[in-house]
Number of protein chains: 2
Amino acid sequence: MALLPGAARRLLCSLFLCLWLSTLARAATRRYEWEVSYQFKSPDCVRKLSATINGQTPGPTIRATQGDTVEVKVRNSLLTENLAIHWHGIRQIGTPWADGTEGVTQCPILPGDTLTYAFVVDRPGTYMYHAHYGMQRSAGLYGVVVVVVAAAPGAKADDAEPFAYDDEHHVLLNDWWHNSTYELAVGLASVPMVWVGEPHSLLINGRGRFNCSAAAVPGTCNATSPECDTPVFAVVPGQTYRFRIASVTSLSALNFEIEGHEMTVVEADGHYVKPFVVKNINIYSGETYSVLIKADQDPNRNYWLASNVVSRQPATPTGTAILSYSGDRAPPSTTPPTGPAWNDTMYRFQQSVATVAHPAYVEPPPPRADRTILLLNTQNKIDAHTKWALNGVSFTLPHTPYLVAMKRGLLDTFDQRPPPETYAYQGYDVYAPPQNPNATTSDGLYRLRFGSVVDVVLQNANMLAPNKSETHPWHLHGHDFWVLGYGIGRFDPAVHPASYNLKDPVLKNTVAVHPYGWTALRFKADNPGVWAFHCHIEAHFFMGMGIVFEEGIQRVASLPPEIMGCGETNGGHR
Amino acid sequence: MALLPGAARRLLCSLFLCLWLSTLARAATRRYEWEVSYQFKSPDCVRKLSATINGQTPGPTIRATQGDTVEVKVRNSLLTENLAIHWHGIRQIGTPWADGTEGVTQCPILPGDTLTYAFVVDRPGTYMYHAHYGMQRSAGLYGVVVVVVAAAPGAKADDAEPFAYDDEHHVLLNDWWHNSTYELAVGLASVPMVWVGEPHSLLINGRGRFNCSAAAVPGTCNATSPECDTPVFAVVPGQTYRFRIASVTSLSALNFEIEGHEMTVVEADGHYVKPFVVKNINIYSGETYSVLIKADQDPNRNYWLASNVVSRQPATPTGTAILSYSGDRAPPSTTPPTGPAWNDTMYRFQQSVATVAHPAYVEPPPPRADRTILLLNTQNKIDAHTKWALNGVSFTLPHTPYLVAMKRGLLDTFDQRPPPETYAYQGYDVYAPPQNPNATTSDGLYRLRFGSVVDVVLQNANMLAPNKSETHPWHLHGHDFWVLGYGIGRFDPAVHPASYNLKDPVLKNTVAVHPYGWTALRFKADNPGVWAFHCHIEAHFFMGMGIVFEEGIQRVASLPPEIMGCGETNGGHR
């Protein structure tokens, strides 16, 4: 729909042929060469070894037009550490090996080696990229992907979108620790688990401000470093801005607000939504939104952009940036917005429910599912380690990537028994700690009939400690899914599906499961490949909170050999 | 010689057949299973993420008998970091792929993957193992290898050695930083170079004592941690002890002393030396020595073992342990020995010269060399980076290991031009900073005619800063070499070879080049494979101070596929 050309061409070709022709006509290849290396950076004024792209964190923004091919030649210069980069929100249709998910779609890129990711960005929208190997994303390897609408020749791009704006800004949100990702990960894997604690800072476009007088190591914090200058977003009075907002946090659910300026939410995860106005927006790790703001306030002062932790009791100061009408970079004299009460679950729940498809862009979901998978999300203990599990199974990544193993028939490289489809929901009290905290581990996956319609219901519950349940943002690779419904309490398969929104559900790739709540989603298993589906909290996936789907593996074309070299494909001996 | 059996068998077989038979008869396979992972450890009371083997640093001691096969199954659980382990001093005759040198003899072991190193320990002596990938050794991955003499049935092992002792102790020396190896390495590669500074501690058997009041991060230092208990070496009055001493330091040249007890040096790098008595012993990274001490002092008090930095101006406290006759673990009331003056080069030079072969174990060197390579060791600048170079060429590792590349004919994976054989020595002032500090980089190697005799003369010089020249301990893989001579000043090929010791030179695998000095060595290129030869200072090899030899590549048997998977062998596509 977004590609509707002018009236003359509309007469000449059917809608879909036309889309195809117009895309082909203007499709370009956007080439990037990236060198990934560790560098000392001071994103929040504290000097820390950071994973960088061409010396920068965040990495460069990829900007392409719908239909373009993006080619990123990635060279790993991380010394002794491997690498994989995921293109979050790009479905990788026809290129499942370019999804960048270590253990699922590829072997990692070794130090000194180069891998070129090449894929088509077939839909306009706001996306992101980030490392997808161990907890490497937390080290700073992330950035924004913007895909703009392919306009008909001579037409303005914004003719094709259901809203207009004068200019755009990007807001990339993150949380940040001074500890290394190795320290984070080893602590999580220790017995007892050592939790590093809440983030030291919240970053906006890779910048924050730690209070140097609280720095743990003297001499490592420099409040005058240009690397931690507060970002300034310039606006011109009277104009309308599209803010493309993405959250790549390792842990935190965030609330983002622009002081004195209401936001109209217009896009979520690359899909136009029915516009709704908010004072501030809740955004979970892995989500993207576009909001419009009108620069209609007193231009003689500056305004705060504020990022605040929600859902967990915050121990991290507000992340800030400055909105400036005048070009002046001075911090406003006001206090930055502190966001809603961190534990106001219903406030966030209601925003989730309010996010539905734009009336002119509804893609109706299939009316029913061929298969329903009900996944209870629990915190567990396995051999005294703290883990996360789905239906009592904590996920582990195999060392031969599934995509390679399944294409080559290396079926002894992972557990052939599928994980459970459901749990004993009738007797389960989601408000109490698990009666039996034990779980098992598995690297088994769910094999989906190609073309089938799959419902997944994510059921949240109480953690190991009483009166605690966290928000989990679940991200699906290779697909968007319709968000059919949300609830608080225990999902009942006999009752709740009747209340599903089948009329105008939004399509997303990442969705929140609220504390003690459930979220129901539907997708079509029509993208040949092997795809991860997991909590986007870096520590949670690391501790087992994920599953993997396979569909249409026999339709996947020959794999590029460059994605192999590990596990059973090590040395090419199989 | 060491394997001479009893008189009856001596009648029955010739010496060499007998050696072979007796070795075969008793050769065993020693199997180890190691899991390498990061763990929080407090070797000097400061908690730091350390690379461990089965949870320990140092790793377990390998103890085998001459002729045994050692099989070590290494599983990499380092999360996102690769791994390779070098068996330092083991020549790997017939198994060049098991040398464990990333980029030279193997691709690294990926996280989740397992590699089994299998090799024969054909000579008795004191050796070590350590990581050989990036600067990973500095993270704590190291240990001792002891190969004992194969005694004839019924005979005592010490009949076969030119000295006797009652019991033995192991002393593994190291230096230690609280910074991660990533911080060390990234600093070295930065412009300008960021040098982390002198070691925080010197460790003896993996233990030291940092002054907790000086700890950079509060709460990370625990002076009562059992992990930093001072090691105690128990002795019984009147008995003689063999102390097997190994240094695996990343940087420091050390002097080791046992308070009140003279040492008789009897072994160096697995070879018996003409015994000589010292008050203390200088030991360079990569060297091993055995010394005998007699427990003949007042048994009513304890004595210090002391490790002190020499050759660089020390900024690290003495590393200590305790010698105890009574079992009492109390520190002596005396001050630990502080070693010789750090800048007394001639003191150390004389010990080097004094180290010659034991008269009964002389293996005469070939009388002349077929080829002489003269290597000037300089500090340089390349694109503003600080580097080390040999004859103006700073070494870089290729990403397809040489051994694999050469066996498979992948000759475009490294520079085919050999590095220079010599430098313009006639006009070079080794006492002045280099007139032209520029250098080039190369991953070319030296191809040696199989069976030829090669001399290498290592020429030290002034660094970039005036009045500075460091000791470089050079380590050769796959061989021992005869140490033919040492000098201070500029080596003159027309003059100095006449003074070589061809009578009783010691065989070693690691040798020091003293400040402003030269060292001449000879070896036979008779071990088919590809072998690194480099400064054993971790930072120096990282910055280019090494070369590589190839010999008899066509005689190398089929490579195990498990050592491949990187560079041009990635994905098995070549």
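Higher on the page you've got the structure.
Rules used throughout
- Per chain, residue numbering runs from 1 following the sequence as it is written.
- All chains are assigned letters beginning with A, and all ligands numbers beginning with 1, in the order in which they are written.
- Totals for whole chains, interfaces and linings use every residue, but because this is a predicted model, local features are given only for residues with pLDDT of at least 70 and side-chain atom pairs only at 80 or more, for both listing and counting.
- Side-chain metrics in this entry use all non-hydrogen atoms of the structure; hydrogen atoms and water are not considered.
- Elements are defined by DSSP. Helices are runs of H or I of four residues or more, strands are runs of E of two residues or more, and each kind is numbered from the N terminus.
- Our radius of gyration is a C-alpha quantity, and the globule rule it is checked against amounts to 2.2 Å times the number of residues to the power 0.38.
- Type-normalised accessible area, obtained with a 1.4 Å probe on protein chains alone, sets the label of each residue: buried when under 20%, exposed when over 50%, and partly exposed for intermediate values.
- In what follows, a contact means two residues having at least one pair of non-hydrogen atoms within 4.5 Å.
- Defined by distance alone, a disulfide is two cysteine sulfur atoms within 2.5 Å.
- Here the copies were fitted onto each other by least squares, based on C-alpha atoms from residues at pLDDT of at least 70 in both.
- The pairing test for Phe, Tyr and Trp rings, Trp by its six-membered ring, is centres within 6.5 Å, and the orientation test on the planes gives stacked under 30 degrees, edge-to-face over 60, and tilted for anything in between.
- Accessible-area loss on putting two parts together, using a 1.4 Å probe and summing over both, is the definition of buried area adopted here.
- Salt bridge, as used here, is a side-chain nitrogen of Lys or Arg placed within 4 Å of a carboxyl oxygen of Asp or Glu.
- The definition of a polar contact used here is a pair of N or O atoms within 3.5 Å, where within protein one atom must be able to donate a hydrogen and the other to accept one, and adjacent residues in sequence count solely through side-chain atom pairs.
- Whether two strands pair comes down to DSSP finding at least two bridges between them.
- Structural elements are reduced to axes, namely lines fitted to C-alpha atoms, with helices fitted over the stretch in contact, and the angle between N-to-C directions of any two is expressed from 0 to 180 degrees.

So what's going on with the overall build of chain A? Which residues, and what values?
Within chain A one finds six helices and 32 strands. Relative to its length of 574 residues, chain A is compact, with a C-alpha radius of gyration of 23 Å against a globular reference of 25 Å. Its C-alpha atoms give chain A principal-axis dimensions of roughly 70 × 65 × 55 Å. The buried share among the 574 residues of chain A stands at 63%. Counting contacts in chain A only where the partners sit at least 6 residues apart, residues at least 24 apart contribute 79% of the total.

Would you mind going over the state of the cysteines in detail, with residue names and values included?
Tallied over the entire structure, the rule returns six disulfides over all chains. Here Cys107(A) engages in a disulfide with Cys566(A); their sulfurs sit 2.0 Å apart. Here Cys107(A) and Cys566(A) share a disulfide; its torsion about the S-S bond, -85 degrees, makes the bridge left-handed. Taken together, the residues span a long stretch of sequence, with Cys107(A) in the loop between strand E5 (85-88) and strand E6 (114-120) and Cys566(A) in the segment after strand E32 (546-551) at a distance of 459 residues. Among the residues examined, Cys566(A) registers a relative accessible area of 2% and is labelled buried. The side chain of Cys212(B) participates in a disulfide bridge whose partner is Cys221(B); the two sulfur atoms lie 2.0 Å from each other. The S-S bond linking Cys212(B) to Cys221(B) shows a torsion near -75 degrees; that makes this disulfide left-handed. Assessed through its relative accessible area of 24%, Cys212(B) is described here as partly exposed. Listing the disulfide partners of chain A by sequence rank of the bonded cysteines yields 1-5, 2-6, 3-4.

How would you summarise the relation of the copies chain A and chain B if you had to cite specific residues and measurements?
When chain A is fitted onto chain B, the two copies agree to an RMSD of 0.0 Å after a turn of 180 degrees and an axial shift of 0.0 Å. Here the symmetry operator amounts to a two-fold rotation axis. Interface overlap between copies is the fraction of interface residues in one copy that are interface residues in the other; for chain A against chain B it reaches 100%, indicating a shared surface.

Before we move on, could you go through the packing of aromatic side chains and cite the residues and values that matter?
Residue and element names in this part refer to chain A. The tally for this structure, following the rule as stated, stands at 49 aromatic pairs over all chains. Note on Phe395 and Phe541: the rings are 6.1 Å apart at their centroids and 10 degrees apart in plane angle, and the pair reads as stacked. Of this pair, Phe395 sits in strand E22 (residues 393-395) while Phe541 is found in helix H6 (residues 538-542), placing the two residues 146 residues apart along the sequence. Each member of the pair Phe395 and Phe541 is classed as buried. Every member of this aromatic cluster is reached through a ring pair, and the members are Tyr32, Trp34, Trp87, Tyr117, Phe119 and Tyr129.

Would you mind going over the interface of chain A and chain B in detail, with residue names and values included?
How big an interface is tends to be stated in terms of the accessible area lost upon association of its parts. Across the boundary between the two partners, chain A contributes 39 residues, which contact 39 residues of chain B. For the pair chain A and chain B, the summed buried surface comes to about 3200 Å²; carbon and sulfur atoms form 64% of the total. Counting across the chain A and chain B interface gives zero salt bridges. The tally of links between chain A and chain B comes to ten residue pairs in polar contact (both at pLDDT 80 or more).

Give a description of the sheet that holds strand E4 (residues 69-77) of chain B that names residues and reports values.
Residue and element names in this part refer to chain B. Here four strands make up an open sheet; going across it, the order is E2-E1-E4-E6 and the pairing mixed. This sheet does not close on itself; its edge strands, each paired only once, are strand E2 (48-53) and strand E6 (114-120). Within this sheet the neighbouring strands show an average axis-to-axis angle of 20 degrees, counted without direction. The sheet contact formed by strand E1 (residues 29-41) and E4 spans nine bridges and is parallel. What sits directly across from Trp34, in E4, is Val74.

So, the pairing of strand E9 (residues 167-176) of chain B: which residues are in play, and what are the values?
All names here are of chain B. Counting buried residues along E9, eight of its ten residues qualify, which places the element largely inside the surrounding structure. Here E9 runs beside strand E12 (residues 240-247); their pairing, made up of seven bridges, is parallel. The partner of Asp167 across the bridge, within E12, is Tyr241. As paired elements, E9 and strand E10 (residues 201-204) share four bridges and run antiparallel to each other. Looking across to E10, one finds that Asp175 is bridged to Leu202.

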